[in-house]
Structures are given as structure tokens and as C-alpha cells.
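# Secondary and tertiary structure notes
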Amino acid sequence: MSVSAREETAKPVRNFGIDLKTAGPLVALIVLCVLGYSLNPAFLSEGNLANLLTRSAFIGIIAVGATFVITAGGIDLSVGSMAAFVAGMMIIIMNGAIDVMGVSVWTVILGCGCSLILGIGAGFINGFLTTKGKIEAFIVTLGTMGIYRSLVTYFADGGTLSLASAARDIYRPVYYDSFLRIPIPVWVFIGVAIIGWILMNRTAFGRYCMAIGSNEHVARYSAIKVDRVKTWTYVLQGLCVSLATIIYVPRLGSASSATGVLWELEAIAAVIIGGTMLKGGFGRVGGTVIGALILTAIGNILNLTDIISNYLNGAVQGVIIVVAVYLQRGNLRAPKRKAQE
Amino acid sequence: MSVSAREETAKPVRNFGIDLKTAGPLVALIVLCVLGYSLNPAFLSEGNLANLLTRSAFIGIIAVGATFVITAGGIDLSVGSMAAFVAGMMIIIMNGAIDVMGVSVWTVILGCGCSLILGIGAGFINGFLTTKGKIEAFIVTLGTMGIYRSLVTYFADGGTLSLASAARDIYRPVYYDSFLRIPIPVWVFIGVAIIGWILMNRTAFGRYCMAIGSNEHVARYSAIKVDRVKTWTYVLQGLCVSLATIIYVPRLGSASSATGVLWELEAIAAVIIGGTMLKGGFGRVGGTVIGALILTAIGNILNLTDIISNYLNGAVQGVIIVVAVYLQRGNLRAPKRKAQE
Amino acid sequence: MQPADTIGGPVILSAERISKSFGEVPVLFSIDFDIRQGECHAIIGENGAGKSTLIKILSGLEQPTSGHVCLDGQRVELPPHGEAEKLGIVVIHQELNLAEHLTVADSIFLGRELKSHGFLKLKEMREAARHILDTLHVDIDPDARIHSLSVADKQMVEVAKAISRDARVLIMDEPTAVLSQAETENFFEQVDRLKAKGVSIIFISHKLDEVMRLADRVTVLRDGQHIATVGTEALTPDSIAQMMVGRELSNLYPPKHEPDVDAPVVLKVENLSGESIENVSFTLKRGEIVGFAGLIGSGRTAVAETIVGLQHRDSGKVELNGEPVHFTEVSQSIARGLAYMTKDRKGRGLLLNTGLRPNLTLLTLKKHSRGLFINEASEDEALARAVRRFDIRARDASVKVGQLSGGNQQKLMLGKMMETEPDIIIIDEPTRGIDVGTKQQIYHIIAALAAEGKSIIVISSEMPEIIGLSHRVVVMREGRVAGVIEGQEITEAEIMRYAAGLKQDGDHERISA
Amino acid sequence: QDKIKIGVSIPAATHGFMGGLNWHAQEAEKRLEAQHENIDIIIVTANGPSDQASDLEDLVSVHQIDALVVLPFESEPLTDPVKQVKQTGAFITVVDRGLSEPGIEDIYVAGNNTEMGRVSAEYMKSRLKEGDNIVILRGIPTVLDTERFDAFMAEIEGSGINVLDNKFANWNRDDGFEVMQDFLSRFPDIDGVWAQDDDITLGVVEAIKQAGREKEMFVVGGAGMKEIIKGVMEGDELVPVDVLYPPAQIATAMDVTVANYTSNAPVRGRYILGAPLITPENAEEFYFPDSPF
Ligand SMILES: Nc1ncnc2c1ncn2[C@@H]1O[C@H](COP(=O)(O)OP(=O)(O)OP(=O)(O)O)[C@@H](O)[C@H]1O
Ligand SMILES: Nc1ncnc2c1ncn2[C@@H]1O[C@H](COP(=O)(O)OP(=O)(O)OP(=O)(O)O)[C@@H](O)[C@H]1O
Ligand SMILES: [Mg+2]
Ligand SMILES: [Mg+2]
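Residues numbered from 1 in each chain as written. Chains lettered and ligands numbered in written order. Predicted model: local features only at pLDDT ≥ 70, side-chain atom pairs only at ≥ 80, totals over all residues. Heavy atoms only, no water.

Glancing now at the overall build of chain A. Counting its secondary structure elements, chain A contains 14 helices and four strands. Look at the contacts in chain A between residues 6 or more apart in sequence, and 79% of them connect residues 24 or more apart. Summed over all atoms, the accessible surface of chain A reaches about 12,300 Å², with 70% contributed by carbon and sulfur. (Helix = DSSP H or I, 4+ residues; strand = E, 2+ residues; numbered from the N terminus. Contact = heavy atoms within 4.5 Å. Areas by Shrake-Rupley, 256 points an atom, 1.4 Å probe, with all protein chains shown as cover.)

Before going further, it helps to examine the confidence of the model for chain D. Residue and element names in this part refer to chain D. The predicted model of chain D has a mean per-residue pLDDT of 87, with 100% of residues at 70 or higher. Of all secondary-structure elements in chain D, the lowest mean pLDDT belongs to strand E11 (residues 269-272), at 82, while strand E8 (residues 192-194) reaches the highest, 94. For this predicted complex, the interface score ipTM comes out at 0.85, alongside a pTM of 0.87. (pLDDT = per-residue confidence, 0-100.)

Before going further, it helps to spend a moment on the site of ligand 2. Around ligand 2, the surrounding shell holds 17 residues, and the nearest of these are C:Arg300, C:Thr301, C:Ala302, C:Gln311 and C:Lys343. The environment around ligand 2 is built from residues contributed by chains B and C. Take C:Ser148: an N or O atom from its main chain is 3.1 Å from a nitrogen atom of ligand 2. Taking C:Ser298, its main chain carries an N or O atom lying 3.1 Å from an oxygen atom of ligand 2. Considering ligand 2 on its own, with 620 Å² of exposed area, one finds that the protein chains cover 86% of that surface. Contributing elements (two or more residues each) for the shell around ligand 2: helix H1 (2-39) of chain B together with helix H8 (300-308) of chain C. (Near = heavy atom within 4 Å. Polar contact = N/O pair within 3.5 Å; in protein donor to acceptor, adjacent residues only side chain to side chain.)

Right, let's get into the site of ligand 1. Residue and element names in this part refer to chain C. In the vicinity of ligand 1 lie 20 residues, with Lys-51, Ser-52, Thr-53, Ser-405 and Gly-407 positioned nearest. In the model, an oxygen atom of ligand 1 is placed 2.5 Å from a nitrogen or oxygen of the Thr-53 side chain. Side-chain polar atom of His-206 to an oxygen atom of ligand 1: 2.8 Å apart, as the coordinates give it. About the coverage of ligand 1: the protein hides 94% of its 640 Å² of free accessible area. In terms of residues, the shell around ligand 1 owes the most to one element, helix H1 (residues 51-58), which gives three residues. Class assignment for the residues of the shell around ligand 1 results in five nonpolar, eleven polar and four charged. Counting residues domain by domain, the shell around ligand 1 receives three or more from each of domain 1 (4-245) and domain 3 (347-421). (Nonpolar A, V, L, I, M, F, W, Y, C, P; charged D, E, K, R; others polar. Domains from an automatic or database assignment.)

What follows covers the packing of aromatic side chains. Taken as a whole and assessed by the stated rule, the structure comprises 32 aromatic pairs over all chains. A centroid spacing of 6.0 Å and a plane angle of 10° characterise the contact between B:Phe58 and B:Trp263, whose relative ring orientation is stacked. In this pair, B:Phe58 is assigned in helix H2 (residues 46-71) and B:Trp263 in helix H12 (residues 263-273), connecting sequence segments 205 residues apart. A single burial state applies to B:Phe58 and to B:Trp263, both of which are buried. For the pair B:Tyr248 and B:Trp263, a centre-to-centre distance of 5.5 Å together with 85° between the ring planes defines the contact as edge-to-face. Here B:Tyr248, found in helix H11 (residues 226-252), pairs with B:Trp263, found in helix H12; they are 15 residues apart in sequence, far enough to count as distant. As far as burial versus exposure is concerned, B:Tyr248 and B:Trp263 are alike and both buried. Taken together through their ring pairs, the aromatic side chains of A:Phe58, A:Tyr175, A:Tyr176, A:Tyr248, A:Trp263 and D:Phe177 make up a single cluster. Over the face of the ring belonging to A:Tyr176 we find A:Arg172, whose NZ or CZ atom lies 4.0 Å from the ring centre. Its end group placed over the ring of D:Tyr245, D:Arg148 keeps NZ or CZ at 4.7 Å from the ring centre. (Phe/Tyr/Trp six-rings, centres within 6.5 Å; stacked < 30°, edge-to-face > 60°. Buried < 20%, exposed > 50% of the residue type's maximum accessible area, 1.4 Å probe, protein only. Lys NZ or Arg CZ within 6 Å of the ring centre and 35° of its normal.)

Let us look at the interface of chain D and chain B. Taken together, the contact between chain D and chain B spans 31 residues of the former and 34 residues of the latter. Here chain D meets chain B over a buried area of about 2,500 Å², counting both sides, of which 42% is carbon and sulfur. Here chain D is connected to chain B by five salt bridges. A salt bridge links B:Arg55 to D:Asp58, with the shortest nitrogen-to-oxygen separation between them at 2.6 Å. (Buried area = accessible area lost by both parts, 1.4 Å probe. Salt bridge = Lys/Arg side-chain N within 4 Å of Asp/Glu carboxyl O.)

Each partner contributes to the interface: chain B provides 46 residues, whereas chain A provides 46 residues. Three residues, B:Phe138, B:Ile139 and B:Tyr311, lead the burial of chain B against chain A; their summed loss comes to 16% of the area buried on that side. Connecting chain B to chain A are zero salt bridges. Elements represented by at least two residues in the side of chain B that touches chain A include exactly helix H5 (137-155), helix H10 (216-221), H12 and helix H14 (313-340) of chain B.

This paragraph deals with the arrangement of the chains. By contact count, the dominant pairing among the five pairs of chains in contact is that of chains A and B. Chain C makes no contact with chain D; the smallest distance between any of their C-alpha atoms is 37 Å.

What follows is about the sheet that holds strand E13 (residues 265-274) of chain C. Residues and elements named next belong to chain C. Pairing is antiparallel across the open sheet formed by four strands, whose spatial order is E14-E13-E16-E17. Lying at the two open borders of the sheet, with one neighbouring strand each, are strand E14 (277-285) and strand E17 (323-324). The pairing of strand E16 (residues 313-320) with E17 spans two bridges and is antiparallel. Paired with Glu-319 across the strands is Pro-324, a residue of E17. (Pairing = 2+ DSSP bridges.)

Below, the structure written as C-alpha cells:
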């Protein structure tokens, strides 16, 4: 009835709001690119762009998973250590497999399979402890963060686990090769992003995540299996970590306790820069992708110039993140705020 | 009327709940102590207890501040870097003062005064950016975290800032001396904890923090100056960081980019182990103190024995944190969960 | 419109030519309104007429697009951060406005704590809170946390909070919507007392008898327009209703179709016990409407929630179409055609930060999915259907549910439940906050559903609703079934006798029949 | 008869070099405890200077150690805590990073950061000519990184070799890889890379291989990681040499500390291990295939 009657006037308002919110991170990214180009034209060279995109794939893929966890009101601090752990186990398994069955593509496939299983399993543990154990996600994943990292250190005897070079030669192309001039990791990233976007915006699962994150009671009263959906978000996160690991391992062929340090912070930052709310209830996979690109671009730009003291890299990074988010939220949203609240 | 009928059954349940909640962390701490004693009786020696308490003072004091920030629905990731920054500036200022006015107690007092001003200022910046800038606290403090740490590195020229030994001799007792056989830092910790507890539970400010964390709109409608209170929580956090720094500097007499790394995670963990909710609305200063003691005790206990590979320290720590929280929440609270929801 | 100058002293608070638009959407059109000292002025109107918006402007929560607010004849700017309260304008909002984690005493004194030397006077506040609650005759522990209270208790805390403030003007937006009769009576006592003290009261309610009982003057709004301001003595409930809806309302309740005596029993509950209920037994036949009456907290909701699996069942049996069932999740009961609509629409029913469409289909997303994907076209259809069927009025399709008027939220929630196409429907407070016109629609929908062969349980605190709709009434008291009344015996007096414990059902045969 | 307790306090295995150091410490513990019945070694690891200060307190108050072998996280902050241990009468061996006050330690065993920077620069000078370009990847901003860097720059000064830029790569392979990628997109002409550490070197090498520029430049790392030394032995062109900074120094320190109790003569003094250039000729003697580093 009255809804349809007013549809016409309503639409522009809504689209405007949505545009600003999605456009915010994009604008920040474009500004960064212009800045990068003006500091050093090499920034926009094909080689550098390929590097940048490939690099952002790790954090990006993990952050897509984190978008679901955070949307459903959770948090996962363990992703960095989980990546190190999965990478380490993958290497051990592949090295072991070589001894048993020699080197072939199957060794790598076996390794990737195990990585997926491990990632899903690790995610499931996080989810299980949070939902069934009723322990805060922050504590659970802080705990597993320590556990996974310790395990890598332990298995690596404090050092580095390195993939046998025979297997590496087979596996290397997964990171270094391109398809249609776009590096394989970027393809994987694109795939994960698209699937993630569809999952979030076009399936019941995404709706459920948002519902749970915005009000768990309502979700429960609406016949949503809250614990199950929440567990799934962690499993999904684990899956994303293992995908990121699968394209990470062929890069350097090694894993150590230094692998993936602080990735959790980067992933969460990418998610939030992208416009998802830390309190849950609202997720933007597209924004997350851009958030990951922004973070990677900042590091890249800092490496392309020497006008700033190296010691201040962190400060510049911090300032850019804050300013980027300010420009997209504080300023642009301010006029609408009153009406919204 | 009929309400009263239900009251009788309801009441005991609730009181029971509160007892468990406060007692939970305490029980976990006691269990840890028993474990420590059984691993090595020296755990309960006066010397070790004094060490343990003194050590927990840093994280504890910072965590008391974090309790307010988190209760009011915020988060502060910058505390560790802020501590490093404040410590560094304090040292620079004291060293500078020595050149100008020679060494005396006043040098140290000057340093402490500057530390307080810096801490409060840094906290204010966090608060200002979050409230007036309307940027998520996570992003703001992630940014300032990078900025403060970079600044320390910069001022220390990548090295260590060290307090001139003349000043150090005067300042040392603040960490190493005792009063009534209790080390000074512990006194400070006790003081901060008591003041924090009073502030949280016996003043309007504490109520406002809880109200804001629980429902910002309600707080606003109730004529609470939301932005101001939130800013105050960050200022308080800054103050706590600077107090922690004041007792930290005499310990090692130096600051570098390695100072205070990961303190933010420890502080937040202490807060949450203590029973405060990460989503805000409900703060327990007492629990936070116990949370800090638990975290410090875990580290201490790991040093008591060498039955566990050092590589696995992080894993043991993780397991203990998760189990401690599980015991106090999951298990004990499970029977009443349904009723509450 | 006729001026009714008979009551009260000078005008205290007035709105002059207030208009309000949200974005492009106008909600109020040049409204004039005033309230005099010691008077009770009711505002009535259909759902979405703009009542809540008007009082939000009067209390500074929203700023008018044009026009202004005058206090004591002076134009005032009321900033949105609760400053109106300092001027003596106190509001009980339609949306419960309590912070869930605070205690009752904290909530009552939030923003104006009693202090000495900066420290809270906890004991005084607790005592004062207890005292205020006592005057309202409710037994709520001042130390209880808000989230542990029932919706009605929360509302009483709101009332306590409001009357404890030094109000010159007390504005109440549907304060009685969630209250039972007894509580409403206690509440009215307090309102009378305040009026006697010279406090001016603005009162919004869809319960016309309450309006007649309390108000000195009545202002009617329709679609954001001022229709009339009239003295109450010149009105009858019927004439008010007519002014509100703009048409004659006859037969609020549809005629009852007596269900087939031989109709099969579709739901049989035997000796159900659980959280706050004990040995509850009753049956529901096909095509039957069973009313659940009782005082607040008598366990009606608990029975429903235990049946559908939202609460833990300690013992007892539930049979659905002769088959024993034990649901532990709502999805299971939905799958078997048993739907439950909660009474707590803000906390349990709707996602306030989300739009209409996702809320409507949240319970039935599977139905609107093709394979993995959500079929938005089908969702849109569902929304259009629900909007038509339940007359949901949103000025703008993109509004968040939290921005809908209270009554329209309720209708949306009804729509959400009906999306599941249930055979058995348990509706908890079906018309909470709904205007008379729509009430009538909803009653007819319920009756029509029963006539179609669906079976319905109506839990309600509105006695006329129970009486007007039910074929059979189960009266609950302190978690037990106090009695079951049928046919001609369904009268207010009889129900109250059971509910208050004056009468106890001896013959349990009838219950389990 | 009471055992002699020797506490060993070292940083946790957060990157390759420290991992190697941890491994050598544990190997030495096993070996020494097996050799000498009356020796008990307790290894504790720390994540930062204040953490390490706590460890030292625990070693004293709980384990009542007779001797301490310590590799300080940083020199200044740990000077005082070590002094406190000294005051309990313990025998002190300091490894790698000297304390800021002389005379506390009984034994000092160390690699040589200044020497490491200098030797690396010397090698650069021997391979490059005036006008050639190098880039530098540094570790984590700390004193020892600064020492290495300053010594390198002092030595390279005046040689006419251009240092294009230096960036921190945090003694981490991933960072080494990414920083080198960016150097490669930025500078079309690079003749030499000083990666300072073997973990970084591995990342750098991958980045150079990815860009296909192996023929243009060579890389000098440092520490003595087994993979790198193996490469040097096999005559790798891209990483032709390495500069030793041995993680095994901790084992040396533990050995001499134990010797203080097992040999008849007291052991005192300074053992500076130097930073020799590892070349294909001498690589064999620095190769420990079993070490994780
Ligand atoms: N913040 C807002 N943004 C957009 N529209 C709003 C907002 N608040 C209210 N509205 C719209 O204004 C209209 C009037 O709402 P209001 O809440 O005043 O109605 P009401 O008379 O109180 O109805 P009810 O009896 O159902 O409570 C509704 O159509 C509602 O959707
Ligand atoms: N003291 C209490 N603490 C926590 N939850 C309670 C308490 N009393 C009741 N509840 C819960 O609140 C809900 C409503 O209570 P109940 O079923 O007793 O109310 P009701 O009879 O439906 O009353 P009404 O619908 O009129 O508010 C139930 O889920 C019940 O378990
Ligand atoms: Mg309303
Ligand atoms: Mg040993």
C-alpha cells in the first residue's frame, strides 16, 4: 500500500546513503593511488600493481572470512597464527609425503587438501569453543592464537620449516604464474571475494549472520540456529585462512613462528576500514576487499619513497588509516547522522 | 501481586549468579596458585610473591583503565605503544633536565609530571578522535598505536633511550623499595584498583560508563554527556598508562620500540577474564585486578618448571586462559543461561 | 473543532505550527497543540499518525522542520540530549528506554544520581527506588538488572523513573500497552495523584476506555494532520474511534464461529513443567481460538515458549496431531506448522537496524530462496502482500524497522509470523500498541484463520480481547492453570476470579478433555 | 649433594636467528646435563626486555640459580636486572649483547655486530666499483641493527658506491620479499643488496628471481643459516658469501660457564667470536645440517 506509493521519493535517499558508504573506502583507495603515483610514477607500473594485488591477496582472503565472523558479532584473533600453523603442517606433510610417494603434483594436492582440512578444523574449534563452551570469542581466539603459534615453533624446533625443493618447483607456479596477465593469487582473491559477496548478500547464510550480529535473541526467535551459524562463520574463516596459506606457501616455501604475525590485526582493520561494524550486524565484503587493498597500498607506497624517515613508517601508516576512515565516515556521514539516530 | 510469587524463586538464582561471577576469576586464580605450589613450593615464597605482584602492577594498572574504556563500549589498542612513548619522552625530558638543572628529586618529579601530562594528552587524543571524529575506536587506537611506537623508535634513533644513571639512582627506589614489606608498585596498583573500583561502583561516572556501553541512546536521552564521558574513559586510560610507566621506568631505566609490545592484548585479556564484557555495559574492576594476577601468574608458573618445552609456553598460556574462563563462565553459568535469555 | 477551556490553569507547553519531515518524507503537517497545568491531554490516532513524533518534538528528541515549541509562553530550543528534563518535561517513550545492564535503581536515577561529595548514595537511591516501586504496588527488586525483568516490569520501571522526576509535564507514549489491568489501575492512581499535584500529563494510548478515564481533553491526529481537540466529556469511545479512523467502527470483534465439537485435537499439552511453569495441561482443537488470560508473570508466555522450544522443558508431554513432540529449537516447531509470535517486539521480535523486507522474511528465508540464493523478487512480493494484508504503513520503504511507528512494527511482526503459513498459531499480545481500526482488522484475520481450520492461541492481557475472540479461555495463575472457562461463562468477572486465585479449578477432567 | 643450577635466559624463538639460538641452547642443555651429573640447566625464554627482567627474577627467587647465562634482549634495560642477579652471588655469563655497565659479567661471549657490518661493506667494495648502486634491508629498529648499519655505512663511505635506500624488513622473510619487490619496481639499476640477515636474504632472493634480475646483482646476508651456507658451498652466484654471526655462541657460553664449575681453574674473560666472511672455500666448517637454522 503506502509503501509502494512512496517508493519513488524514497529511493534516491537510500541510494545516496549506500553510495557514500560503499564509495568511502573506494575514494580513499583512489586518493592513495594518486598519492602513490605522484610520489613515484613506478607505483602504477604493471609490475608494481601486480605485486600489490598479489600481496593483498593473503590479507584480503583472510579478511573476507573475518567479515563474516565480525558481522555475526564475533572476532577471530587467531588467524595469523592459524596461517602459520597450517602452513607449517602443510610443509611437514608434503615433505613427509615425498619420502613415501616421491614428488609429483599429487604431493602438492595432498598438501593443499590437508591445509583445507586443518583450516576448517581449526575454525571449527574456535567456533565450537565460542558457541558450545560459551566462552567469549576474544578469549577463545586469543588462546588458540597462542596455541597455534607455539605449535609451529615447536614443530619447527624454533626455526623454519622449509618445503623440500623438489616439491617447491612443482608448487611455485601457484604463486608466481599468471593467467591472462593476472597472477594466480589475485584470481583466487577475486574468486573468494565474489563468493563471499554472494554469500553475504544473496544467501540466507549472510542474512543470518547479520541477524545474529544485530540481535541474537531475535535471531533465535526467528528459528535461526544461532550456534550453528556462528560456528559456520569460524569454519569459513578457517577455510579462508587455509586458502590464503595455500597461495602463501609457494611464495617462499617456508613457515616459521614469524609467519603471519599481526595478520589478525590487519585483517580486522581491513574489515573495519571497509565499513563493517566491529559490533556486528552489518557486513560489507566489497568494502573489506578495498580495505585490504588500502592497507597493502600504504605499505607499498612507503617503500617507494624515501622522503620519510624509516622510523616513522608506522606513524605514517597510522595517520593514513585514521584519515582514510575519517574521510569516509566522520565527515561525509555527519550530515546524515542526526536523521539516522 | 503475582510478581511477588515469582520473586522468591528468582532471587536466589540471581544472587547465586553474581557470586559465581565475582568468584569465578578468584577460583581460577586460586587453582593456579595451587598448581604453582605443587610444581614448585618456591612459588609461594615471599620473594616470588612479591615479584609476581610487582610485575602484575603494570598490566594491572593499565587494565583498570581499560575496564572503563571497555565498559563504555570502546576499546584501546594503543596502550602498549603509549606506554613506550610516554616512557621514552619521560626519559628524554629527565635527561634534558639534568643538563639544565642538575640531578635531584625534582628531576624525577618533573619526569613524572610530564609523564602524567603526556598520558592524559594521549588518552585525550584517542577520546577526541573517537567521539568528535566519529571514527571507530578500533581504528583510532590502531592508528595511534602505530604512531606512538614509531615516535619512540624515531626519538630513540632505532635504539634504546636510557635514563642517565645519576637520575636513575634517585628514581630506582620507586620500583625496588618496599613499604610495610609490600613493594611500592604494588601499593600503587592497590591504590589504582581501589580508586578504580570506587569510580566504577560508587560514582555517577561509573554508572554513566555502564549506561553508555549498554545503550548509548538511553544514555543520551538521560542527559548524560556521552561524548564527554567517553572521552574521559580514554583520558583515564591514558592516566593509568602513565602511572604504569612511572613505576616501569625505574625498573629498567630505559625505553625502546620493544617496550610494551602486546600489552594491549594482555590488558584487554585481563579485563575480560575478570568478567567485564567486551561489548560494554558492564564493568568489574575487581575482576580485572584478578585477571591481571592470573595472567602474570601463568607466566611465572611457566618459569617454575622446565617440564614443558619453552617453545610451547604460548600454547600452555593459551590453554590456561581458555580453561580458566571456561571454568568460570561456561560450566558454572550454564544451568541459568536459559532463564536469563 | 471546539475549544475546551473548562479545565486547568495556564498553558504550560505548546507546539505551534509544527511540521516535521524525515528526509523528504513529511510526517507532521503544521500541528498546534497545548497542555495546561494540571490537565491530562490525550493524543490519539491511528498507527503512524505521528503521535510519537509529536511528543518527541515536544521533548526535544527530534527537531521540528518548521514551527516551534513554547514553554510558559516562551519559545524554547530543546536540544536532543535530554535537556528538556531539566525544564521539567519528562517522557516515557514508546520504545522502552532502559539500559539493559543497569540495575533497576540505577535506571531510575540515571542522569540525576543522588550524591554526596561525589559518591553515590547507593542506599538512599535503593530505598527511594523501592519506595517509588511500592507506591506503584509492584514488587521489583531495585537491585535486579533490567535484562532480567519481563517487559511489563520494565515498563513499570520506566513509569517509576518518570514519576520520580520532578516533572511539570509528564509525557507518556503508550505506557499501558504492555501492562495488565491491575497494573494499569495502579498506574492510573499515580497519574491521578500527580495531576492533583498540578503536573500536566500528555498521554498516548490506543485503549480508548483509558483515554476516557484519564483525559480531560483529547487531540486526534490522522496522517500527520491535526483533526480535532475536544473535551472528553463531549466524547464517547465510539466517536473518538470514528474521528481517528475517519469511518464508523462497528463490531470490533467478529462473530464467533463455534468450532466443530468433533474437530480433532491438534495440540495437547499434559503436565508441562519448566522454568516458571508447573503441570500445565490443556488442549487445542482444529479451528478453535483459545485465550490465555492471567496476570503479568502468571506464566502464559513461559508456556508458549516451552512448547515451541525456546525454553527448557523439565517434564510433561506435548502432542501435535496426536504425535508426541519435543522441540528444542524454534525451527523444529515452525517445520511442524506451529508458530509463535513473541510479545517483546524490540528485544525478540524485530531487527530494529534493518529494513522491512529482511525482517519480514527472516523466519522463512528458505521459502524465499532458490537453491542457495535469496530470491529478492519473491521477498518483495511477500512484503507487498504483508503490507496489504496487515495495512503496514511506512512512509518510506527504506526506513529501518526501528523508525516505524510502534503499531506498524507490531503489524510487521504479525506478517513475519504469518509468512510461515502455520496451522497452529500462538500469538502473544497480538494487538499491543495497535490502533482500534487495525485491531478490528487483526481480530477479523484471527477469526478468519480459525474459520479456515487453523488453531489459535491468543495470549493477552486485554480482557475484552480474550472475551471477544476466544472459544475457550485458559486462566493461569502463578505458573499453573487456575481454570478453563468455556462458552457463556467467559466473562470478565469469572476470569478475574481465577486469575486472582479466588477460584480454583477442581475438575481437571475438563482441562485435559 | 645439591646440584649446581645454571639459568639460561634468552629471547624467544620469534625469528630465524633466535630460533637457531634456542636450538643450540637446548642441544647444549641436553649435552651438558648428560655429561655432568651435578649440573642442572634451566632455560627460560622471553618476549621482550621487561619479560626477560621478570625471568631473571624468577630464576633467582624460585630456582635460586648459581650461575646465569644471559643473552640480553637489549643492553641498557637489562643491565640492572643482571646486576641484581649478580648481587645474589651468582656467576654471570653475558652473551652477544654487552651490558651497558662494565664489570658485571664474569664471562662475555659475543658475536660482533660492528664487525659484521664492516665485513659486509668490505665485501661490497671488493665486488663493486664507483657509481654502482646498492640497497639495504635492515632488521628491526634496535641497537644491534643500528650498530650493524652504522658500521656498514662508515665502511662504504667514500667508496663511491651509492646506497639507494634502506628499509626495515624486520628480520622476516615475508617483509624481505615485499620490500625487495618494491625496491625492484623502484630502481631499474641495482648491483648489490645488503640484506644483513639470512631470513631476509631468502625473501630477497625470491623477489629477485621473480623479477628475473638474478644476473644483475648479488646479495649479502648474515648470521650463517644452513640453507645459505649450503648455497655458498655450492657456488651460488646470487648469494656468493655470507657473514657469520653464529647462533651457536650460546652453546659456547654455556660450555664455558659449566667449565667454571667442572674444571679446576676458574674461568673468566671475553670471548669475541668475530664475524668472518663465509666463502665457498671455508663454508664447510660453518655448516650444521641438523640445526633448524
Ligand atoms: N526517524 C525516522 N525516520 C523516518 N521516518 C520516521 C522516523 N520516525 C518516525 N518516522 C515515520 O513517521 C511516521 C509517524 O510515526 P510515529 O511514531 O509518530 O507514529 P505514531 O502515531 O506514534 O504511531 P503508533 O501508534 O503506531 O505508535 C511513521 O510513518 C514513521 O515511519
Ligand atoms: N524473575 C524472572 N527473571 C527472569 N526471567 C523471568 C522472570 N520471570 C519470568 N521470566 C521470564 O519472562 C517471560 C515472561 O514471563 P511469564 O511467562 O511469566 O509472563 P506472562 O504470563 O506471559 O506475562 P505477560 O505476557 O503478561 O508479561 C518468560 O520467558 C519467563 O521465563
Ligand atoms: Mg507511537
Ligand atoms: Mg634442565
